Amino acid sequence: MKSSRKTYPVDSTKSPRFAGVSTFARLPYSRDLTDVDAVFVGIPFDDATTFRPGARFGPKGVRENSLLLRPYNPALNVKPFDVLNVVDYGDVDVVPGYIEDTYTRVEREFSKLAEENITPLTCGGDHSITLPILRMLSRRYGKLSLVHVDAHHDCWDEYFGKKYNHGTVFRRALEEGLIEPRRSIHIALRGPLFSEHDYGEVRRMGYSIVTMQDIRENGLDAVIRRVKTLVRPPAYLSFDIDACDPSVAPGTGTPEVGGLLAHEALELIRGFAGIEFIGFDLVEVSPPYDHAGITAMLAANLLYEFLSLTALRKRQTPTSGETL
Ligand code: MN
Ligand code: MN
(Lines give C-alpha, C1' and ligand atoms only; values in the text may rest on other atoms or scores of the structure.)
(Ligands and ions follow the chains in the order given, each with its own letter.)
Protein backbone atom coordinates (compact mmCIF):
# COMPACT_ATOMS: atom_id res chain seq x y z
CA MET A 1 0.00 0.00 0.00
CA LYS A 2 1.45 3.37 -1.00
CA SER A 3 -0.31 5.63 1.58
CA SER A 4 -3.73 6.42 3.05
CA ARG A 5 -6.19 5.01 0.50
CA LYS A 6 -7.18 1.38 1.05
CA THR A 7 -9.26 -0.65 -1.36
CA TYR A 8 -10.90 -3.92 -0.37
CA PRO A 9 -13.27 -6.33 -2.07
CA VAL A 10 -16.87 -6.30 -0.85
CA ASP A 11 -17.16 -8.43 2.31
CA SER A 12 -19.03 -11.57 1.21
CA THR A 13 -19.96 -12.40 4.81
CA LYS A 14 -22.07 -9.24 4.80
CA SER A 15 -23.19 -8.87 1.18
CA PRO A 16 -24.16 -11.97 -0.87
CA ARG A 17 -21.85 -12.79 -3.77
CA PHE A 18 -24.69 -12.76 -6.26
CA ALA A 19 -25.76 -9.23 -5.32
CA GLY A 20 -24.59 -6.03 -6.95
CA VAL A 21 -22.52 -5.27 -10.05
CA SER A 22 -19.84 -7.83 -10.95
CA THR A 23 -16.26 -6.58 -10.75
CA PHE A 24 -13.14 -8.72 -10.53
CA ALA A 25 -13.06 -10.37 -7.07
CA ARG A 26 -15.74 -7.86 -5.96
CA LEU A 27 -13.14 -5.09 -5.92
CA PRO A 28 -14.19 -1.45 -6.26
CA TYR A 29 -14.60 -0.26 -9.85
CA SER A 30 -12.44 2.84 -10.14
CA ARG A 31 -10.42 4.83 -12.65
CA ASP A 32 -8.78 6.79 -9.84
CA LEU A 33 -5.19 5.59 -9.71
CA THR A 34 -4.30 7.34 -6.45
CA ASP A 35 -2.36 4.94 -4.18
CA VAL A 36 -3.21 2.01 -6.45
CA ASP A 37 -0.64 -0.82 -6.72
CA ALA A 38 -2.36 -3.14 -9.20
CA VAL A 39 -5.40 -3.07 -11.47
CA PHE A 40 -7.60 -5.63 -13.13
CA VAL A 41 -8.27 -4.26 -16.63
CA GLY A 42 -10.24 -5.78 -19.50
CA ILE A 43 -9.44 -5.49 -23.21
CA PRO A 44 -12.54 -6.93 -24.89
CA PHE A 45 -11.12 -7.24 -28.41
CA ASP A 46 -11.35 -10.43 -30.48
CA ASP A 47 -11.15 -9.32 -34.11
CA ALA A 48 -7.65 -10.77 -34.45
CA THR A 49 -8.65 -14.37 -33.81
CA THR A 50 -8.01 -16.85 -36.60
CA PHE A 51 -10.71 -19.38 -35.63
CA ARG A 52 -13.44 -19.28 -32.98
CA PRO A 53 -14.37 -15.77 -31.79
CA GLY A 54 -15.94 -14.69 -28.49
CA ALA A 55 -12.95 -13.51 -26.41
CA ARG A 56 -14.48 -10.02 -26.45
CA PHE A 57 -16.74 -11.41 -23.73
CA GLY A 58 -13.72 -12.66 -21.75
CA PRO A 59 -13.47 -9.81 -19.22
CA LYS A 60 -17.21 -9.98 -18.53
CA GLY A 61 -17.08 -13.77 -18.08
CA VAL A 62 -14.02 -13.67 -15.86
CA ARG A 63 -15.50 -10.97 -13.61
CA GLU A 64 -18.69 -13.01 -13.30
CA ASN A 65 -16.71 -16.13 -12.37
CA SER A 66 -14.39 -14.35 -9.92
CA LEU A 67 -17.07 -13.67 -7.31
CA LEU A 68 -16.08 -16.66 -5.19
CA LEU A 69 -12.46 -15.59 -4.67
CA ARG A 70 -11.60 -15.09 -1.01
CA PRO A 71 -9.04 -12.80 0.68
CA TYR A 72 -6.48 -15.42 1.80
CA ASN A 73 -4.34 -17.56 -0.51
CA PRO A 74 -3.26 -20.55 1.62
CA ALA A 75 -1.03 -22.06 -1.08
CA LEU A 76 1.21 -18.98 -1.13
CA ASN A 77 0.39 -17.85 2.43
CA VAL A 78 -0.55 -14.32 1.44
CA LYS A 79 -3.52 -11.97 1.65
CA PRO A 80 -3.14 -10.08 -1.61
CA PHE A 81 -5.75 -7.40 -0.84
CA ASP A 82 -4.10 -6.59 2.51
CA VAL A 83 -0.72 -6.08 0.90
CA LEU A 84 -1.88 -4.31 -2.26
CA ASN A 85 -4.39 -1.63 -3.18
CA VAL A 86 -6.21 -3.17 -6.14
CA VAL A 87 -9.10 -1.83 -8.20
CA ASP A 88 -11.10 -3.04 -11.18
CA TYR A 89 -10.16 -0.40 -13.76
CA GLY A 90 -12.94 -1.46 -16.12
CA ASP A 91 -12.32 -2.09 -19.82
CA VAL A 92 -10.39 -0.29 -22.51
CA ASP A 93 -12.76 1.13 -25.14
CA VAL A 94 -11.59 -0.94 -28.07
CA VAL A 95 -12.59 -0.28 -31.69
CA PRO A 96 -14.29 -3.43 -33.02
CA GLY A 97 -12.84 -4.46 -36.37
CA TYR A 98 -9.88 -2.08 -36.23
CA ILE A 99 -6.78 -3.51 -34.60
CA GLU A 100 -4.45 -0.52 -35.08
CA ASP A 101 -7.02 1.89 -33.60
CA THR A 102 -7.54 -0.52 -30.73
CA TYR A 103 -3.76 -0.63 -30.15
CA THR A 104 -3.75 3.17 -29.91
CA ARG A 105 -6.51 3.07 -27.27
CA VAL A 106 -4.72 0.34 -25.29
CA GLU A 107 -1.43 2.27 -25.42
CA ARG A 108 -3.14 5.40 -24.12
CA GLU A 109 -4.51 3.57 -21.04
CA PHE A 110 -1.38 1.54 -20.36
CA SER A 111 0.96 4.52 -20.58
CA LYS A 112 -1.01 5.96 -17.64
CA LEU A 113 -0.61 2.73 -15.67
CA ALA A 114 3.08 2.44 -16.53
CA GLU A 115 3.79 6.04 -15.49
CA GLU A 116 2.37 5.26 -12.03
CA ASN A 117 4.27 1.94 -11.79
CA ILE A 118 0.98 0.11 -11.43
CA THR A 119 1.00 -3.63 -12.06
CA PRO A 120 -1.59 -4.43 -14.74
CA LEU A 121 -3.49 -7.72 -14.59
CA THR A 122 -5.06 -7.64 -18.00
CA CYS A 123 -7.88 -9.85 -19.15
CA GLY A 124 -8.35 -10.33 -22.90
CA GLY A 125 -9.52 -10.37 -25.48
CA ASP A 126 -7.52 -12.43 -27.91
CA HIS A 127 -3.72 -12.59 -27.71
CA SER A 128 -3.20 -9.66 -30.09
CA ILE A 129 -3.86 -7.32 -27.15
CA THR A 130 -0.51 -8.20 -25.56
CA LEU A 131 1.55 -6.24 -28.13
CA PRO A 132 0.44 -2.70 -27.18
CA ILE A 133 0.85 -3.62 -23.48
CA LEU A 134 4.44 -4.75 -24.09
CA ARG A 135 5.09 -1.53 -26.03
CA MET A 136 4.07 0.63 -23.09
CA LEU A 137 5.75 -1.48 -20.40
CA SER A 138 9.06 -1.77 -22.27
CA ARG A 139 9.01 1.97 -22.87
CA ARG A 140 8.77 2.42 -19.10
CA TYR A 141 10.98 -0.44 -17.83
CA GLY A 142 13.24 -1.37 -20.77
CA LYS A 143 13.48 -4.71 -22.59
CA LEU A 144 11.34 -7.35 -20.95
CA SER A 145 11.91 -10.99 -20.11
CA LEU A 146 8.83 -12.81 -21.38
CA VAL A 147 7.29 -15.87 -19.76
CA HIS A 148 4.66 -17.04 -22.22
CA VAL A 149 2.35 -19.94 -21.31
CA ASP A 150 0.35 -21.05 -24.34
CA ALA A 151 -0.32 -24.10 -26.54
CA HIS A 152 1.02 -21.93 -29.40
CA HIS A 153 4.24 -19.90 -29.68
CA ASP A 154 2.44 -17.04 -31.47
CA CYS A 155 5.64 -16.23 -33.39
CA TRP A 156 4.25 -16.76 -36.88
CA ASP A 157 4.91 -14.02 -39.40
CA GLU A 158 1.49 -13.34 -40.88
CA TYR A 159 -2.00 -14.64 -41.48
CA PHE A 160 -4.00 -13.76 -44.58
CA GLY A 161 -1.14 -11.45 -45.59
CA LYS A 162 -1.61 -9.41 -42.41
CA LYS A 163 1.02 -8.75 -39.74
CA TYR A 164 -1.15 -8.09 -36.69
CA ASN A 165 -3.25 -10.86 -35.19
CA HIS A 166 -3.24 -13.22 -32.24
CA GLY A 167 -0.73 -15.65 -33.78
CA THR A 168 2.04 -13.15 -34.60
CA VAL A 169 2.32 -11.11 -31.42
CA PHE A 170 5.67 -12.38 -30.14
CA ARG A 171 7.39 -12.06 -33.51
CA ARG A 172 6.22 -8.43 -33.72
CA ALA A 173 7.34 -7.82 -30.11
CA LEU A 174 10.79 -9.12 -31.05
CA GLU A 175 11.02 -7.01 -34.21
CA GLU A 176 10.02 -3.95 -32.22
CA GLY A 177 12.75 -4.67 -29.64
CA LEU A 178 10.32 -4.96 -26.73
CA ILE A 179 11.60 -8.25 -25.32
CA GLU A 180 14.91 -9.99 -24.81
CA PRO A 181 14.46 -13.40 -26.50
CA ARG A 182 17.44 -15.03 -24.75
CA ARG A 183 15.69 -14.27 -21.44
CA SER A 184 12.26 -15.39 -22.68
CA ILE A 185 10.47 -18.70 -22.83
CA HIS A 186 7.36 -20.31 -24.36
CA ILE A 187 5.76 -22.98 -22.16
CA ALA A 188 3.15 -25.73 -22.80
CA LEU A 189 3.52 -25.79 -26.61
CA ARG A 190 1.84 -28.66 -28.42
CA GLY A 191 -0.42 -29.67 -31.25
CA PRO A 192 -0.01 -29.94 -35.01
CA LEU A 193 2.16 -27.29 -36.68
CA PHE A 194 2.48 -25.71 -40.12
CA SER A 195 5.84 -27.40 -40.76
CA GLU A 196 8.69 -29.38 -39.21
CA HIS A 197 10.71 -26.15 -39.03
CA ASP A 198 8.16 -24.36 -36.84
CA TYR A 199 9.84 -24.76 -33.42
CA GLY A 200 13.34 -24.48 -34.93
CA GLU A 201 12.50 -21.08 -36.31
CA VAL A 202 11.31 -19.89 -32.89
CA ARG A 203 14.53 -21.18 -31.29
CA ARG A 204 16.58 -19.38 -33.95
CA MET A 205 14.88 -16.15 -32.88
CA GLY A 206 16.58 -16.78 -29.53
CA TYR A 207 13.56 -18.00 -27.57
CA SER A 208 13.53 -21.04 -25.30
CA ILE A 209 10.75 -23.58 -25.68
CA VAL A 210 9.15 -26.03 -23.27
CA THR A 211 6.64 -28.38 -24.88
CA MET A 212 3.89 -30.27 -23.11
CA GLN A 213 5.91 -33.39 -23.86
CA ASP A 214 8.88 -31.90 -21.95
CA ILE A 215 6.55 -31.18 -19.04
CA ARG A 216 5.18 -34.73 -19.03
CA GLU A 217 8.70 -36.19 -19.22
CA ASN A 218 10.53 -33.93 -16.74
CA GLY A 219 7.79 -32.55 -14.50
CA LEU A 220 6.74 -29.04 -13.58
CA ASP A 221 9.59 -28.48 -11.11
CA ALA A 222 12.13 -28.76 -13.90
CA VAL A 223 10.26 -26.15 -15.94
CA ILE A 224 10.02 -23.80 -12.97
CA ARG A 225 13.75 -24.15 -12.29
CA ARG A 226 14.51 -23.46 -15.95
CA VAL A 227 12.32 -20.35 -15.99
CA LYS A 228 13.94 -19.03 -12.82
CA THR A 229 17.45 -19.48 -14.24
CA LEU A 230 16.54 -17.85 -17.54
CA VAL A 231 14.35 -14.92 -16.61
CA ARG A 232 15.70 -11.54 -15.42
CA PRO A 233 13.80 -8.49 -14.24
CA PRO A 234 11.79 -6.76 -15.56
CA ALA A 235 9.70 -9.80 -16.45
CA TYR A 236 6.23 -10.10 -17.97
CA LEU A 237 3.88 -13.09 -17.81
CA SER A 238 1.43 -13.72 -20.63
CA PHE A 239 -0.94 -16.65 -20.11
CA ASP A 240 -3.13 -17.92 -22.96
CA ILE A 241 -5.89 -20.04 -21.42
CA ASP A 242 -5.47 -22.57 -24.27
CA ALA A 243 -2.26 -23.64 -22.49
CA CYS A 244 -4.76 -25.56 -20.38
CA ASP A 245 -6.42 -28.71 -21.61
CA PRO A 246 -9.81 -28.35 -23.34
CA SER A 247 -11.23 -30.63 -20.62
CA VAL A 248 -10.63 -27.86 -18.08
CA ALA A 249 -10.73 -24.88 -20.48
CA PRO A 250 -13.07 -25.52 -23.42
CA GLY A 251 -14.10 -21.86 -23.71
CA THR A 252 -11.33 -20.64 -25.98
CA GLY A 253 -10.67 -19.85 -29.64
CA THR A 254 -7.99 -22.35 -30.70
CA PRO A 255 -8.12 -25.35 -28.33
CA GLU A 256 -5.40 -28.02 -28.41
CA VAL A 257 -5.74 -31.38 -26.69
CA GLY A 258 -3.18 -32.64 -24.17
CA GLY A 259 -2.62 -29.44 -22.20
CA LEU A 260 -2.09 -28.46 -18.57
CA LEU A 261 -4.74 -29.53 -16.10
CA ALA A 262 -6.16 -26.94 -13.72
CA HIS A 263 -4.01 -27.96 -10.74
CA GLU A 264 -0.89 -28.02 -12.93
CA ALA A 265 -1.52 -24.50 -14.20
CA LEU A 266 -1.93 -23.28 -10.61
CA GLU A 267 1.19 -25.12 -9.50
CA LEU A 268 3.20 -23.66 -12.38
CA ILE A 269 2.19 -20.10 -11.56
CA ARG A 270 2.81 -20.56 -7.83
CA GLY A 271 6.24 -21.91 -8.69
CA PHE A 272 7.07 -18.52 -10.23
CA ALA A 273 7.01 -16.87 -6.78
CA GLY A 274 10.04 -14.62 -6.48
CA ILE A 275 10.22 -13.62 -10.16
CA GLU A 276 9.91 -9.85 -10.58
CA PHE A 277 6.91 -9.60 -12.87
CA ILE A 278 5.89 -6.05 -13.70
CA GLY A 279 2.69 -7.14 -15.46
CA PHE A 280 0.46 -10.09 -16.35
CA ASP A 281 -2.18 -10.94 -18.87
CA LEU A 282 -4.71 -13.74 -19.20
CA VAL A 283 -6.10 -14.02 -22.71
CA GLU A 284 -8.33 -16.02 -25.06
CA VAL A 285 -11.20 -16.86 -22.70
CA SER A 286 -14.26 -17.16 -24.94
CA PRO A 287 -17.42 -17.48 -22.81
CA PRO A 288 -19.70 -18.45 -25.76
CA TYR A 289 -17.69 -21.71 -26.06
CA ASP A 290 -17.50 -22.25 -22.30
CA HIS A 291 -19.52 -24.73 -20.24
CA ALA A 292 -20.74 -23.89 -16.73
CA GLY A 293 -18.15 -21.11 -16.61
CA ILE A 294 -15.29 -23.57 -16.01
CA THR A 295 -12.83 -21.77 -18.30
CA ALA A 296 -13.61 -18.32 -16.93
CA MET A 297 -13.46 -19.70 -13.38
CA LEU A 298 -10.00 -21.13 -13.98
CA ALA A 299 -8.93 -17.84 -15.57
CA ALA A 300 -10.20 -15.87 -12.55
CA ASN A 301 -8.25 -18.14 -10.21
CA LEU A 302 -5.07 -17.81 -12.28
CA LEU A 303 -5.43 -14.03 -12.13
CA TYR A 304 -5.78 -14.35 -8.35
CA GLU A 305 -2.48 -16.27 -8.32
CA PHE A 306 -0.85 -13.48 -10.39
CA LEU A 307 -2.09 -11.01 -7.82
CA SER A 308 -0.72 -13.19 -5.03
CA LEU A 309 2.73 -13.26 -6.70
CA THR A 310 2.64 -9.48 -6.88
CA ALA A 311 1.67 -9.26 -3.21
CA LEU A 312 4.48 -11.64 -2.18
CA ARG A 313 6.99 -9.50 -4.03
CA LYS A 314 5.64 -6.35 -2.44
CA ARG A 315 5.74 -7.94 1.02
CA GLN A 316 9.45 -8.62 0.61
CA THR A 317 10.16 -4.87 0.57
CA PRO A 318 11.60 -3.70 3.94
CA THR A 319 8.79 -1.17 4.52
CA SER A 320 6.14 -3.86 4.87
CA GLY A 321 5.94 -5.97 7.99
CA GLU A 322 2.32 -6.98 8.34
CA THR A 323 1.48 -10.37 9.78
CA LEU A 324 -1.05 -12.77 8.36
MN1 MN B 1 -1.83 -17.20 -27.77
MN1 MN C 1 -2.88 -20.27 -27.90
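- Per an unreviewed UniProt entry, the chain is named Agmatinase, and its organism is Caldiarchaeum subterraneum.
- Quoted verbatim from the Sequence similarities (unreviewed entry) heading of the UniProt record, the comment on the chain is "Belongs to the arginase family. Agmatinase subfamily."

**A closer look at the overall build of the chain**
Consideration 1: Within the chain one finds 10 helices and 8 strands.
Consideration 2: Whereas a compact globule of 324 residues would reach a radius of gyration of roughly 20 Å, the chain reaches 18 Å, a difference of no more than 12%.
Consideration 3: Seen through its principal axes, the chain has C-alpha atoms that stretch 55 × 40 × 40 Å.
Consideration 4: The 324 residues of the chain split such that 59% are buried.
Consideration 5: In the chain, the share of contacts with a sequence separation of at least 24, taken over all contacts with a separation of at least 6, comes to 79%.
Consideration 6: Counting every atom, the chain has about 13,400 Å² of accessible surface; 52% of that belongs to carbon and sulfur.
Consideration 7: In the chain, 38 side chains carry a positive charge and 43 a negative one; their mean positions are 5 Å apart.

**Let's talk about the UniProt feature "binding site: Mn(2+)" (unreviewed entry) in the chain**
Consideration 1: Per the UniProt entry, the sites bearing "binding site: Mn(2+)" (unreviewed entry) are H127, D150, H152, D154, D240 and D242 in this numbering. For the residues just named, distributed over 116 residues, the greatest C-alpha separation is only 12.0 Å, placing them together at one site.
Consideration 2: Along the polypeptide, H152 turns up in the loop between β4 (145–149) and α5 (169–175).
Consideration 3: When sequence neighbours within four positions are dropped, the list of residues in contact with H152 reads L189, D242, T254 and E256.
Consideration 4: For D242, the location among the structural elements is in the loop between β7 (235–240) and α9 (262–271).
Consideration 5: D242 gets classed as buried once you look at its relative accessible area, which sits at 0%.
Consideration 6: The contact partners of D242, leaving out residues within four places of it in the chain, are D150, A151, H152, R190, T252 and T254.

**As for the environment of D37**
Consideration 1: Take D37: it is sitting in the segment before β1 (38–43).
Consideration 2: What makes D37 buried here is its relative accessible area of 5%.
Consideration 3: Considering only alpha carbons, one finds D37 and L113, 76 residues apart in sequence, at a separation of 9.6 Å.
Consideration 4: Separated by 2.7 Å, the side chain of D37 and the backbone nitrogen of N85 make a polar contact.

**Thoughts on the side chain of H148**
Consideration 1: Relative to the helices and strands, H148 is located in strand β4.
Consideration 2: In this structure the side chain of H148 is engaged in a polar contact, spanning 2.8 Å, whose partner is the side chain of H186.
Consideration 3: Beyond its immediate chain neighbours, meaning those up to four positions away, H148 contacts H127, H153, D154, F170, I185, H186, I187 and S238.

**So, the pattern of salt bridges**
Pairing is possible between side chains of opposite charge, provided their charged atoms come close.
Consideration 1: Enumeration according to the criterion identifies 18 salt bridges in this entry.
Consideration 2: Across the pair D47 and R56 runs a salt bridge, and its minimum N-O distance is 3.4 Å.
Consideration 3: Given a relative accessible area of 34%, R56 falls into the partly exposed group.
Consideration 4: The shortest N-O distance in the salt bridge between R270 and E305 comes to 3.0 Å. Linking R270 in helix α9 with E305 in helix α10 (residues 294–315), this pair joins segments that are 35 residues apart in sequence.

Rules behind the numbers
Throughout this description, residue numbers start from 1 for each chain and increase along the sequence as written. Working convention: letters from A go to chains and numbers from 1 go to ligands, in the order in which they are written. Where local features are concerned, this predicted model is filtered to residues with pLDDT of at least 70; where side-chain atom pairs are given and counted, the filter is 80 or more; whole-chain, interface and lining totals use all residues. Neither water nor hydrogens contribute to the side-chain values; these are computed over all heavy atoms in the structure. UniProt positions are given in the numbering used here, feature names are shortened, and annotations may be inferred rather than shown by experiment. Elements are defined by DSSP. Helices are runs of H or I of four residues or more, strands are runs of E of two residues or more, and each kind is numbered from the N terminus. Our radius of gyration looks at C-alpha atoms and nothing else; its globule reference is 2.2 Å times the residue count to the power 0.38. Each residue gets one of three labels from its accessible area relative to the maximum for its type: buried under 20%, exposed over 50%, partly exposed in between, using a 1.4 Å probe on protein chains only. Any pair of residues with heavy atoms lying within 4.5 Å of one another is described as a contacting pair. Here, Shrake-Rupley sampling with a 1.4 Å probe gives the accessible areas, and only protein chains in the shown set may cover a residue. In this count, Lys and Arg are taken as positive residues and Asp and Glu as negative ones, while His and the chain termini are left out. A single reference atom marks each charge: NZ on Lys, CZ on Arg, CG on Asp, CD on Glu. Two N or O atoms count as a polar contact when they lie within 3.5 Å, although within protein this holds only if one can serve as hydrogen donor and the other as acceptor, and sequence-adjacent residues are included solely when both atoms are side-chain atoms. By salt bridge we mean one thing: a side-chain nitrogen of Lys or Arg within 4 Å of a carboxyl oxygen of Asp or Glu.

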